[in-house]
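Commentary on secondary and tertiary structure
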Amino acid sequence: SSREENLGVFTLKKSFSYDKKYYAVMDYVTYDGVETAIVDVYLTVDDSRVQAIKVARSADFWGYCWEKDTHNIWVQSGDTGVFCYSLKGKKWKLNESAERPDYIVSKYD
């Protein structure tokens, strides 16, 4: 599809964190009648789900990626741009102060 060809370094496919401790897969769930993109994060060792991160309306969602040396997950959305979820304790939380590494190139750059 044209969507997959224009994601920059972002993906809609399963991908692993830099240390292979976690992997993430995309899912779509309907909340209050709105189809929403979810990044499901799993522990690689036993395939247990750690967290389902609600990231964007599916119509606006343009993929996610991991940082090369942290467990930060970057998401790109058509309406809210590029943003970061950082692992704080045992949960990924939106990190509005995260600085995007140069190698994370979005479709908008």
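Here, the structure is the one placed above.
Rules used in this analysis
In every chain, residue numbers begin from 1 and rise along the written sequence. The model is predicted, so local features are restricted to residues of pLDDT at least 70 and side-chain atom pairs to those at 80 or more, both for listing and for counting; the totals for chains, interfaces and linings are taken over all residues. Note: side-chain values were computed over all heavy atoms of the structure, leaving out hydrogens and water. Secondary structure follows DSSP: runs of H or I at least 4 residues long count as helices, runs of E at least 2 residues long count as strands, and numbering of each begins at the N terminus. Here the globule rule is a power law, 2.2 Å times the number of residues to the power 0.38, and the radius of gyration is based on C-alpha atoms. Burial classification: accessible surface area is computed with a 1.4 Å probe over protein chains only, and a residue below 20% of its type maximum counts as buried, one above 50% as exposed, and the rest as partly exposed. Whether two residues are in contact is decided by their heavy atoms: any pair within 4.5 Å suffices. In short, Shrake-Rupley with a 1.4 Å probe defines the accessible areas, and a residue's cover is counted only from the protein chains shown. For the charge count, each Lys or Arg is scored as positive and each Asp or Glu as negative, with His and the chain ends excluded. By convention, the point assigned to a charge is CZ for Arg, NZ for Lys, CD for Glu and CG for Asp. Note on terminology: a nonpolar core comprises buried Ala, Val, Leu, Ile, Met, Phe, Trp, Tyr and Cys residues joined through side-chain atoms within 4.5 Å.

Quick look at the overall build of the chain now. A count of helical and extended segments in the chain gives one helix and eight strands. Order of helices (α) and strands (β) in the chain, N terminus to C terminus: α-β-β-β-β-β-β-β-β. Computed over its C-alpha atoms, the radius of gyration of the chain comes to 13 Å, within 12% of the 13 Å expected for a compact globule of 109 residues. For the chain, the residues scored as buried account for 42% of the 109 residues in total. Long-range contacts, defined here as pairs at least 24 residues apart, represent 40% of the contacts in the chain between residues at least 6 apart. For the chain, the exposed surface amounts to about 6300 Å²; the carbon and sulfur share of it is 47%. Here the chain holds 15 positive side-chain charges and 17 negative ones, and the gap between their average locations is 4 Å.

With that settled, consider the nonpolar core. Ranked by internal contacts, the top residues of the largest apolar core, which has 25 residues, are Val39, Val55, Phe61, Tyr64 and Ile73. Of all elements in the fold, only strand E2 (22-31), strand E3 (34-43), strand E4 (49-57), strand E5 (61-66), strand E6 (73-77) and strand E7 (81-88) reach the threshold of two or more residues within this core. A total of five residues in this core trace back to one element, the largest contributor, which is E5. Leaving out residues up to four positions away in the same chain, isoleucine 73 has contacts with Val39, Val41, Ile53, Tyr64, Cys65, Trp66, Phe83, Cys84, Tyr85 and Trp92.

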